[in-house]
Amino acid sequence: NVKVIHRVNDCDKPRGEIDNLDKHLMDAFKIDDLIIFVSDWTKNYFIKEKKCDVQKKSIVINNGCNRNYFYPDFQKKLSNKIKIITHHWSSNAFKGKDIYLQLDNWIKDKDYEFIYIGREFPGTPKNSKVIGPFFGLELANHIREGDIYISASQWENCPMHVVEAFACGLPVLYYENIGGGVEIGKAHGGESFKDFEELTQKLEIIKNNYDEYRKKINHKILESDYCSKKYVDEILKIK
């Protein structure tokens, strides 16, 4: 009589389809009473690409973050030299290596600087500032110091770095193949790019309409309290 509630926040897609996780998840789906996917992208991945019949017993709840750390500075103004910022803890090639290296070269002699928060930059930085890693309030404080956030990641299930950036009040520019980050970006007025040329074009658009992009962010639905309540509501429905 035990009810099985299964939260799914990962799959094999971000690791190049090496197929060491999906098979275990799909075995678990057979006994799950409720499957909670962290994004529509993850749910559709299993339904469309893996042909899993989970539609009737699954829902989607996006991630939230701690509002005591990740909150906006509503008084913030655009820096004279615009600070582009990102943060990653993994050196996985899908974390945006090629784009970040191009950005590192591009910012030379521009009115932009690039701050990379992480364990290691994906290459040898020439013009970028590399700091961290940090966590909690210290991480959030560094994000708030930025002006525009960028994510060049691919195939993220529900990228916390994007959630945290929006929660800190930064407009987010994200790669169109980011996976679950697309629905997060669209919900908060972010901009997508398909290649580096479009990235630089979108940077100018955000710069010229900065306050309007910040106003599009719905801070309530980014909070962990909002996310947690949705989990509790679904659990209480189970008989």
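### A closer look at the nonpolar core
The nonpolar side chains of a soluble globular protein tend to be buried with one another. In terms of nonpolar packing, the biggest core is built from 27 residues, with Phe70, Ile117, Phe166 and Val172 touching the most fellow members. When contributions to this core are tallied by element, the ones reaching two or more residues are strand S5 (112-118), helix H4 (136-145), helix H5 (160-167), strand S8 (172-175) and helix H6 (181-187). The greatest single-element share of this core, amounting to 5 residues, is contributed by H5. Not counting chain neighbours up to four residues away, the residues in contact with Val172 comprise Tyr149, Val162, Ala165, Phe166, Gly190 and Glu191.

### Notes on the packing of helix H3 (residues 97-106) against helix H7 (residues 196-208)
Orientation of H3 relative to H7, taken along the N-to-C sense of each, is 55 degrees, at an axis distance of 11 Å. Here H3 lies oblique to H7, going by the angle between them. Considering only the axes of H3 and H7, their crossing is right-handed. Contacts from Ile99, Gln102, Leu103 and Trp106 in H3 reach Phe196, Leu199, Thr200 and Leu203 in H7. Residue classes in the contact of H3 with H7 are distributed as 6 nonpolar, 2 polar and no charged.

### What about the pattern of salt bridges?
Going through the model one piece at a time under the given rule, you end up with 14 salt bridges. Between Asp225 and Arg67 there is a salt bridge, with its nearest N and O atoms 3.1 Å apart. Placement of the pair is Asp225 in helix H9 (residues 224-237) and Arg67 in the loop between strand S3 (58-60) and strand S4 (82-88), with a sequence separation of 158 residues. The class for Asp225 is partly exposed, based on a relative accessible area of 43%. According to the relative accessible area criterion, Arg67 is partly exposed, its value standing at 44%. Close ionic contact of Asp147 with Lys76 constitutes a salt bridge, the shortest N to O distance being 3.3 Å. Here Lys76 lies in the loop between S3 and S4 and Asp147 lies in the loop between H4 and strand S7 (148-151), a separation of 71 residues in the sequence. The class for Asp147 is buried, based on a relative accessible area of 0%. In the salt-bridge network here, residues are joined through shared partners; they are Glu191, Lys194, Glu198 and Lys202.

### As for a nonpolar patch on the surface
Taken together, the side chains of Tyr69, Tyr71 and Leu137 present a nonpolar region at the surface, about 260 Å² in accessible area. Note on Tyr69: relative accessible area 34%, which makes it partly exposed.

### What about the packing of aromatic side chains?
Each pair of aromatic rings is reported with the distance of its centres and the angle of its planes. Summed over all chains, the structure comprises 15 aromatic pairs. Measuring from ring centre to ring centre gives 6.5 Å for Tyr69 and Phe70, while their planes differ by 75 degrees; the resulting arrangement is edge-to-face. Put simply, the rings of Phe29, Phe37, Trp41, Tyr45, Phe46 and Trp155 touch in pairs and so form one group of aromatic residues. Arg144 extends its terminal NZ or CZ atom over the ring of Tyr71, reaching a point 3.8 Å from the ring centre.

### Quick look at the environment of Ile143
Tracing the sequence through the fold places Ile143 in helix H4. When the C-alpha positions of Ile143 and Glu198 are compared, they lie 23 Å apart, and in sequence the two are 55 residues distant. Dropping the residues within four chain positions of it, Ile143 is found in contact with Phe70, Ile85, His87, Glu164, Ala165, Cys168 and Leu170.

About the cut-offs
- Residues numbered from 1 in each chain as written.
- Predicted model: local features only at pLDDT ≥ 70, side-chain atom pairs only at ≥ 80, totals over all residues.
- Heavy atoms only, no water.
- Core = buried A, V, L, I, M, F, W, Y, C linked by side-chain atoms within 4.5 Å.
- Buried < 20%, exposed > 50% of the residue type's maximum accessible area, 1.4 Å probe, protein only.
- Helix = DSSP H or I, 4+ residues; strand = E, 2+ residues; numbered from the N terminus.
- Contact = heavy atoms within 4.5 Å.
- Axes fitted to C-alpha atoms, helices over the stretch in contact; angles between N-to-C directions.
- Parallel < 35°, antiparallel > 145°, perpendicular 65-115°, else oblique.
- Left-handed = near helix turned anticlockwise from the far one by under 90°.
- Nonpolar A, V, L, I, M, F, W, Y, C, P; charged D, E, K, R; others polar.
- Salt bridge = Lys/Arg side-chain N within 4 Å of Asp/Glu carboxyl O.
- Patch = residues over 30% accessible without salt bridge, like charges linked within 9 Å, V, L, I, M, F, W, Y side chains within 5 Å.
- Areas by Shrake-Rupley, 256 points an atom, 1.4 Å probe, with all protein chains shown as cover.
- Phe/Tyr/Trp six-rings, centres within 6.5 Å; stacked < 30°, edge-to-face > 60°.
- Lys NZ or Arg CZ within 6 Å of the ring centre and 35° of its normal.

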